[in-house]
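In case you want the letters, here they are:
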Amino acid sequence: MGKLAVRALRAVLVVVLAGTVFVQASMVWALAADPEDGSLPLTPLRVTTILGMVSAQVALVCVWRLVTMVRRGTVFSHAAFRYVDLVIGAIVAAALVWFAVTALNAPGQRDDPGVTLIMGGVGVAILGVALIVLVLRMLLAQAVARDVEAAQMQAELDEVI
């Protein structure tokens, strides 16, 4: 991974992380200062927004750590699995939060249930992303196993020589 790609990815991660922190701060401020007017269940929506941002932040920090491991050449190790597992967990948590938002929004969509169906579809798509990352984790496991095997073969070859 080139230096330019790493810097660009890290810049994006910093911007997104700063944005999520700003949204969380705004939601916490709104929870404390803004009374509900009764049109929407704002407090549950705000709490779920804060929780959704936490799951995104966990994933961002884990991706940062994985990029660091790539730059150091240590990504094909068992330590990387911890971060990949956390990313998968964060994506599943984000899907659960999205389903909660869908459930909170559903009573207001009785006249147009298509919105609820679309939101449910988005939740399923988020779970699909978790499955894609799970497949990538399996590829990482194969790569780590091959790396260990190659290291053992190199050690045996060194003994022969």
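As the structure is a prediction and not an experimental result, all values here were calculated from the model.

So, how was this worked out
- Residues numbered from 1 in each chain as written.
- Predicted model: local features only at pLDDT ≥ 70, side-chain atom pairs only at ≥ 80, totals over all residues.
- Heavy atoms only, no water.
- 1 Å grid on protein atoms, 1.4 Å probe; cavity = no way out; pocket = protein on both sides within 12 Å on 5 of 7 lines; lining within 4 Å.
- Points joined across faces, edges and corners; volume = space filled by probe spheres on them.
- Nonpolar A, V, L, I, M, F, W, Y, C, P; charged D, E, K, R; others polar.
- Helix = DSSP H or I, 4+ residues; strand = E, 2+ residues; numbered from the N terminus.
- Buried < 20%, exposed > 50% of the residue type's maximum accessible area, 1.4 Å probe, protein only.
- Contact = heavy atoms within 4.5 Å.
- Polar contact = N/O pair within 3.5 Å; in protein donor to acceptor, adjacent residues only side chain to side chain.
- Core = buried A, V, L, I, M, F, W, Y, C linked by side-chain atoms within 4.5 Å.

Asks: Explain the layout of surface pockets here, please?
Replies: The rolling of a water-molecule-sized probe over the atoms marks out the regions of remaining empty space. The computed volume of the largest pocket comes to approximately 330 Å³. Taken together, 14 residues form the lining of the largest pocket, with Leu66, Val70, Val75, Val84 and Leu140 sitting closest to its centre. Split by residue class, the lining of the largest pocket holds 13 nonpolar, no polar and one charged.

Asks: How should I be thinking about the environment of Ala80 in this particular structure?
Replies: For Ala80, the position within the fold is in helix H3 (residues 79–105). Taking relative accessible area as the criterion, Ala80 reaches 0% and is therefore assigned buried. Taking the C-alpha atoms as reference points, Ala80 and Leu66, 14 residues apart in sequence, are found 6.7 Å from one another. Look past the residues within four positions of Ala80 in its chain and what remains in contact with it is Leu66, Met69, Val75 and Leu140.

Asks: Would you mind showing me how to read the environment of Arg10 here?
Replies: Note that Arg10 resides in helix H1 (residues 3–33). Between the C-alpha atom of Arg10 and that of Val23, which follows or precedes it by 13 residues, the distance is 20 Å. Within the structure, the side chain of Arg10 is placed 2.8 Å from the side chain of Thr68, a separation counted as a polar contact.

Asks: Hey, could you run me through the nonpolar core in this one?
Replies: The nonpolar side chains of soluble globular proteins are, as a tendency, buried together. One finds Leu66, Met69, Ala80, Val84, Val133 and Leu140 to be the most contacted residues of the largest nonpolar core, which totals 15 residues. Sorting the residues of this core by element identifies helix H2 (42–72), H3 and helix H4 (113–160) as the ones contributing at least two each. If you tally residues by element for this core, the top one is H3, at seven residues. Leave out the neighbours within four places in its chain, and Leu66 touches Val75, Ala80, Tyr83 and Val84.

That's the geometry; what it means functionally is another story.
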